[in-house]
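Spelled out, the chains give:
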Amino acid sequence: MSPPAQQVVEGLKALMCDAVPSAREITFAGLSRAAGGLSRENWSFDASWTDVRGTHAYPLMLMRDAAGTLLTTERSREFHVLKALNGSAVAAPVVHWMDPDGRFLGAPSVVMERVSGSCDYMVLNGSRPLPERLKLAHDFLELMANMQKFDWQTHGLGECLGVPQESPAKTELHQWEAEYRRVQIEPHPELDYVLSWLDNNAPDAEAIVLVHGDFKPGNALIEGNVITAKLDWETAHLGDPLEDLGWITNPVRKSEHQIAGHWERAQIVAAYSKLTGRKVSDAALTWWNVFSCWKLSVIQLTAVHEFVSERYNRVFQTPSWLYRPMFHMMSGAR
């Protein structure tokens, strides 16, 4: 076993013994590091143990913060969201334990159930027949609607996620502005101009709902024609219902979220309104489209900052490719 894998095994045993003091006969099988996102290490394994409640065996996933990351998030927030969603209409993994400060595993981590299915970023524009892709597109939107209907107040998510005290749009913008200033290495007058426009045109929210923050097919598992789990809740927060809708109708992400001629902005908005009963303001949705591009720009600058700081080994360019679509949307905003 490699030293990194041995470290994971020892850390997992220590975490389990702390979380389940009566645990004994702990065994792990098939431990392997899986391909994952750009912010965390994903380790797959099967675990079995015996405790006062009996004998247990689960397929599990360890999500551990990587040395270099594109997103600064807290594992405790993700853990509490997934714990609250357990048993709800929102398909999500069941969480078991967390190591919020890396005491056992060397970096903040969450251990959750490994759900069957595969990840395909481009499933809506892949080789499946059009009717199957359209059904999946609608199922993704229905999943979003179910997430927005989730009663976050009853499940106590306000305490751990924080309830916006001003416009959710302003809250998100100011949080990402702080991240922008943290990672900024050189002047970006175009991003400052867009930031000013966003600040001056921030819409009010119709409601406060659970927002995923990175809602895309690439953050889900699909088995056959069924979405078995929505993954990567690390950016989940309470906010505007239009935030995730703005993410999937963002024109620069059309290849992931839309099907040309069949499932585009107009069809998505109409289906969303039917599912939720909300009338979508085009101006507000455009604001969230622009914000999505601005947020992507900040994430890209985070990658540049991490590379320059020698914590990340992949080279990213500045987000100049996003300037034109942002300016185009701003010029057409009503």
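Remember, predicted model here, so these are calculated numbers, not experimental data. (Residues numbered from 1 in each chain as written. Predicted model: local features only at pLDDT ≥ 70, side-chain atom pairs only at ≥ 80, totals over all residues. Heavy atoms only, no water.)

(A) Representation of the overall build of the protein in the model. A tally of regular secondary structure across the protein gives eleven helices and nine strands. By the compact-globule yardstick of 20 Å for 334 residues, the protein fits well, its C-alpha radius of gyration being 21 Å. Overall size of the protein, expressed as C-alpha extent along the three principal axes, is 65 × 45 × 40 Å. Classification of the 334 residues of the protein by burial places 50% in the buried group. Considering only contacts in the protein between residues 6 or more positions apart, those separated by 24 or more positions represent 69%. Carbon and sulfur atoms make up 51% of the accessible area of the protein, which amounts to about 15,300 Å² in all. Distance from the positive charge centre (31 side chains) to the negative charge centre (40 side chains) of the protein: 4 Å. (Helix = DSSP H or I, 4+ residues; strand = E, 2+ residues; numbered from the N terminus. Rg over C-alpha atoms; globule rule 2.2 N^0.38 Å. Buried < 20%, exposed > 50% of the residue type's maximum accessible area, 1.4 Å probe, protein only. Contact = heavy atoms within 4.5 Å. Areas by Shrake-Rupley, 256 points an atom, 1.4 Å probe, with all protein chains shown as cover. Lys, Arg positive; Asp, Glu negative; His and termini not counted. Charge placed at Lys NZ, Arg CZ, Asp CG, Glu CD.)

(B) Broad picture of the nonpolar core. L141, L198, L210, W233, L245, W294 and M326 are the most contacted members of the largest nonpolar core, which totals 70 residues. Of the residues forming this core, the biggest block, twelve residues, is contributed by helix 10 (residues 282–308). Residues contacting L141, with those up to four places away along its chain left out, are L245, I248, W263, I268, A271, Y272 and L275. The next biggest cluster of nonpolar side chains, apart from the first, holds 19 residues, and it includes A5, A47, L62 and V111. (Core = buried A, V, L, I, M, F, W, Y, C linked by side-chain atoms within 4.5 Å.)

(C) Fine view of the packing of helix 5 (residues 168–183) against helix 6 (residues 189–200). At a closest axis distance of 11 Å, the pairing of helix 5 and helix 6 adopts a crossing angle of 160°. By the angle class used here, helix 5 and helix 6 are roughly antiparallel. At the point where helix 5 passes helix 6, the crossing takes the left-handed sense. Mapping the contact onto sequence places K170, L173, H174, E177, Y180 and R181 in helix 5 and L191, D192, L195, L198 and D199 in helix 6. When grouped by side-chain class, the residues that make up the contact of helix 5 with helix 6 number five nonpolar, one polar and five charged. (Axes fitted to C-alpha atoms, helices over the stretch in contact; angles between N-to-C directions. Parallel < 35°, antiparallel > 145°, perpendicular 65-115°, else oblique. Left-handed = near helix turned anticlockwise from the far one by under 90°. Nonpolar A, V, L, I, M, F, W, Y, C, P; charged D, E, K, R; others polar.)

(D) Just the packing of aromatic side chains, in detail. Taken as a whole and assessed by the stated rule, the structure comprises eight aromatic pairs. With 5.6 Å between their ring centres and 5° between their planes, W287 and F291 make a pair best called stacked. Here the residue W287 and the residue F291 both occupy positions in helix 10, the gap between them amounting to four residues, near one helical turn. One exposure class covers both W287 and F291, and it is buried. Measuring from ring centre to ring centre gives 5.3 Å for W288 and F291, while their planes differ by 80°; the resulting arrangement is edge-to-face. (Phe/Tyr/Trp six-rings, centres within 6.5 Å; stacked < 30°, edge-to-face > 60°.)

(E) Expanded view of helix 5. Over its 16 residues, helix 5 runs 23 Å from end to end, which matches the ideal 22 Å to within 8%, given 1.5 Å per residue. Check the buried side of helix 5 and you find it contacts helix 6, strand 9 (237–239), helix 7 (242–248) and helix 10. (Expected span 1.5 Å × (residues − 1).)

(F) Quick peek at unusual backbone geometry. In this model, E25 sits at a positive phi of 50°, which is unusual for a non-glycine residue. Inspection of the secondary structure puts E25 in strand 1 (residues 24–34). Judged by relative accessible area, E25 falls into the exposed class, the value being 56%. Here the phi dihedral of D232 falls at roughly 55°; this positive angle occurs in a residue that is not glycine. With respect to the helices, strands and loops of the structure, D232 is situated in the loop between strand 8 (226–230) and strand 9.

(G) Representation of the sheet that holds strand 4 (residues 95–99) in the model. The five strands are arranged 1-2-3-5-4 in an open sheet whose pairing can be described as antiparallel. At either margin of the open sheet sits one strand with a lone partner, and together these are strand 1 and strand 4. The sheet shows a mean angle of 25° between the axes of neighbouring strands, taken without regard to direction. Against the sheet, helix 1 (residues 3–19) touches strand 1, strand 2 (40–51), strand 3 (54–65), strand 4 and strand 5 (109–113), its axis set at about 140° to strand 1. In the packing of helix 2 (residues 75–85) onto the sheet, contacts are made with strand 2, strand 3, strand 4 and strand 5, and the angle to strand 4 comes to roughly 165°. (Pairing = 2+ DSSP bridges.)

What is shown is where atoms sit, not what they do.
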